[in-house]
Amino acid sequence: MRQALEQLLTPYGQQHLLTFWDELTPAERDALAAQIQQIDFAEIARLRSLADQQTDWLALARRAESPPAFRRSHGGESISASAARARGDEALARGQLGSILVAGGQGTRLGWPHPKGTYPIGPVSDSSLFRILFERLLALGRHYGVGMPLYLMTSPATHAETVEYLEAQQRFGLSADDLHFFCQAQMPAVDAASGRLLLEDKGRLALSPDGHGGMLAALVRSGGLADMARRGLRHVFYLQVDNPLLRVADPEFVGYHLLSGSEMSTQVVAKREPRDKVGNVVSVDGRLRIIEYSDLPDEAAKERQPDGSLKIWAGNTAAHLFERDFLERVQAAATALPFHVARKKVPYVETVGDRRGQRVEPAEPNAIKFERFIFDLLPEARRAIVMEVDAPREFTPVKNGPGAAADSPETVRATMIALHAEWLQAAGAEMAPGVPVEIGPLFALEADDLAGKIPTGLRVTQPMFFDGSQG
Ligand code: UD1
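Numbering of residues starts from 1 in each chain and follows the order in which that chain's sequence is written. A pLDDT threshold of at least 70 governs which residues receive local features in this predicted model, and a stricter bar of 80 or more applies before side-chain atom pairs are shown or counted, although totals over entire chains, interfaces and linings include all residues. Neither water nor hydrogens contribute to the side-chain values; these are computed over all heavy atoms in the structure.

(A) View of the packing of aromatic side chains. Only Phe, Tyr and Trp rings are paired, with Trp represented by its six-membered ring, and only when their centres lie within 6.5 Å; those with planes under 30 degrees apart are stacked, over 60 edge-to-face, the remainder tilted. Using the criterion set out here, one finds 13 aromatic pairs in the structure. Ring geometry for phenylalanine 134 and phenylalanine 172: centres 6.2 Å apart, planes at 75°, overall edge-to-face. Taken as a pair, phenylalanine 134 in helix α6 (residues 129-144) and phenylalanine 172 in the loop between α7 (159-168) and β4 (179-183) lie far apart in primary sequence, 38 residues in all. In this scheme, a residue with accessible area under 20% of its type's maximum is buried, one over 50% is exposed, and one in between is partly exposed, where area comes from a 1.4 Å probe on protein chains only. Look at phenylalanine 134 and you get buried, because its relative accessible area is 0%. Phenylalanine 172 gets classed as buried once you look at its relative accessible area, which sits at 14%. Look at phenylalanine 373 and phenylalanine 375: their rings are 5.3 Å apart centre to centre, the planes differ by 50°, and that puts the pair in the tilted class. Grouping aromatic residues by their ring pairs yields a cluster made of Phe130, Phe134, Tyr165 and Phe172. A helix here means a DSSP run of H or I that spans at least four residues, while a strand means a run of E at least two residues long, and both kinds are numbered starting from the N terminus.

Next comes the structure, spelled out in structure tokens:
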């Protein structure tokens, strides 16, 4: 076996991966061989050679124009909010909508040693992100009297624990038939200077998820896209795991998307600061695209309109809507979703010199990682539209660990409490100041759903969770 592997690796200068072969147990050898056989070394070499060809982001940002956007409850471009809502209601009631939840990330910034979706975010209930998002789907399904199938993407790092957690919770009420798990692929990390693949351990390559853009290929491989066709799903809502206020499969959004004949639609919020950590939705040469925050040069980020507002203002919430037809068309070219290159610190086992066999914890970025971003499909759509929503009502992602100034569990919970207190007040409740409240999706999906559900003259003087999952 060693000889065959050597023959495979030598043309690409990757023989160092076998440095510790003689020290490995037969099982470890098999595992390493399996990892090596899955790598497309020619592709890795090609990607690395492209790594230095950087896009001129400043030039691109200078050509960028502000994207036209529909606004929540206000409409725009000859489509009213009520027409959109009616059209969306119709599509949902016909059971034409499926959802894709990407949950393959490792939540490193949050510092939670489990899949991020299991994080207890509910300010009173301690409900996990998964529970809140699943209950939204369940509530919609009950409202429209249809199934709301969910395609959930994990990665090798999150798969087993995610499946086990959700099964133990009986999928928070979603039927087994409506939940389709699929697992994304991985890419190797390469040493930035030499292009050699890194070993995480003597018998294991350093691999990491191939980005949420790996979703499409993984969905196709798992049979998920074919399953959508079989079920007659025509529109696909795409969501990330980190935003508990997200209006999953929102009918108004679906309506703008359908009435404008869009193939891919995306939601934005107005950025507060030039350097907010969100993708920037812009229009370049008449096509929508996203410039990730890390790629947006300072000079372009800070540019303002005569009225003082930011020129590049539209921050992406990463909630998208796809036509299934569109996914089918582009999936044939799924491998053409470009890889983005990131320089990262990746610990590794040294294979040469005095420190051979030792584990190295680099202080500076030493490696290149390759990731695909799903939003790169936006310019591929024949027609694409944008809908703007209010951040304090719909977008509060948990990204950072407790104590961080922004996007931390505390800031997210405070935003949830403020919104739900506002709903309760609008429904006639009297709120003692500073009392935490939380409304579960099965109790109410939006403010209007509270009508008739809370007792007249309700005074909230202690923490309350309006659950709805029992009834
Ligand atoms: C992301 C978006 C950003 C957007 C912001 C909104 C990217 C590159 N950036 O930023 O444009 O404004 O969210 O909150 O997407 N995931 C996988 N597999 C992977 C990598 C990620 O499933 O290989 C999933 C994660 O589980 C998560 C989501 O993708 O649900 C976002 O990943 P994350 O790394 O948190 O993106 P951000 O940098 O926060």
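(B) Main features of the sheet that holds strand β6 (residues 190-191). Strand order in the open sheet made by the three strands is β6-β18-β15, with antiparallel pairing throughout. Whereas interior strands pair on both sides, the edge strands pair on one side only; in this sheet they are β6 and β15 (339-344). Any two strands are treated as partners once DSSP identifies two or more bridges connecting them. Where β6 meets strand β18 (residues 367-372), two bridges bridge the pair, whose relative direction is antiparallel. The residue of β18 that forms the bridge with valine 190 is isoleucine 368. Between two residues, a contact is recorded if the distance between any of their heavy atoms is within 4.5 Å. To get an axis, a line is fitted to the C-alpha atoms, and for a helix only the part in contact is used. The angle between two axes follows their N-to-C directions and goes from 0 to 180 degrees. Each of β6, β15 and β18 touches helix α3 (residues 41-50); the most contacted strand, β18, lies at about 100° to it.

(C) The domain arrangement of the chain, seen in detail. Here the domain parsing of the chain yields domain 1 (1-38), domain 2 (55-398) and domain 3 (400-471). Annotation comment: domain bounds sourced from an automatic or database domain assignment. For domain 1 and domain 2, the distance between their C-alpha centroids amounts to 35 Å. Taken together, the contact pairs 12 residues of domain 1 with 14 residues of domain 2. Defined in terms of a 1.4 Å probe, buried area is the accessible area two parts forfeit on being brought together, summed over both. When the two sides are added together, the surface that domain 1 and domain 2 hide from each other amounts to roughly 1100 Å², 62% of it contributed by carbon and sulfur. Of all residues in domain 1, His16, Phe20 and Gln35 bury the most surface against domain 2, accounting for 48% of the area lost on that side. Think of a salt bridge as a Lys or Arg side-chain nitrogen and an Asp or Glu carboxyl oxygen that are within 4 Å of each other. There are one salt bridge connecting domain 1 and domain 2. Salt-bridge contacts for glutamate 23 lead to lysine 202; the nearest nitrogen and oxygen are separated by 3.0 Å. Whenever two N or O atoms come within 3.5 Å, that pair is a polar contact, provided that in protein one can donate a hydrogen and the other can accept it, and provided that, for residues adjacent in sequence, both atoms are side-chain atoms. One can count five residue pairs in polar contact (both at pLDDT 80 or more) joining domain 1 with domain 2. All amino acids are sorted into three groups, where Ala, Val, Leu, Ile, Met, Phe, Trp, Tyr, Cys and Pro are nonpolar, Asp, Glu, Lys and Arg are charged, and the leftover types, Gly among them, are polar. Partitioning the side of domain 1 that touches domain 2 into residue classes produces five nonpolar, five polar and two charged.

(D) Main features of the packing of helix α5 (residues 81-93) against helix α10 (residues 251-259). Across the interface, α5 lies against α10 with an axial gap of 6 Å and an inter-helix angle of 95°. By the angle between their axes, α5 is roughly perpendicular relative to α10. In this structure, α5 uses Ala81, Ala83, Ala84, Arg85, Arg87, Gly88, Asp89, Ala91 and Leu92 to contact α10, whose residues at the interface are Pro251, Glu252, Val254, Gly255, Tyr256, Leu258 and Leu259. Across the contact of α5 with α10, the residue classes tally to 10 nonpolar, two polar and four charged. Angle categories are assigned with fixed cut-offs, so that under 35 degrees is roughly parallel, over 145 is roughly antiparallel, 65 to 115 is roughly perpendicular, and the rest are oblique.

(E) Summary view of the site of the ligand. We call a residue near a given molecule or strand whenever any one of its heavy atoms falls within 4 Å of it. In the neighbourhood of the ligand, 22 residues make up the surrounding shell, with Gly104, Gln184, His212, Asn316 and Lys399 lying closest. Taking glutamine 184, its side chain carries an N or O atom lying 2.6 Å from a nitrogen atom of the ligand. For the ligand, whose unbound accessible area comes to 760 Å², protein coverage reaches 89%. Its residues placed into classes, the shell around the ligand shows 10 nonpolar, nine polar and three charged. Using the Shrake-Rupley algorithm and a 1.4 Å probe, accessible areas are obtained, with residue cover drawn only from the displayed protein chains.

(F) Representation of unusual backbone geometry within the structure. Not every positive phi belongs to a glycine, and aspartate 285 is a case in point at roughly 50°. Along the polypeptide, aspartate 285 turns up in the loop between β12 (280-284) and β13 (287-291). Here alanine 318, not a glycine, exhibits a phi torsion of approximately 65°, which is positive. Looking at the element boundaries, alanine 318 is found in strand β14 (residues 314-323). For alanine 318, a relative accessible area of 12% puts it in the buried group.

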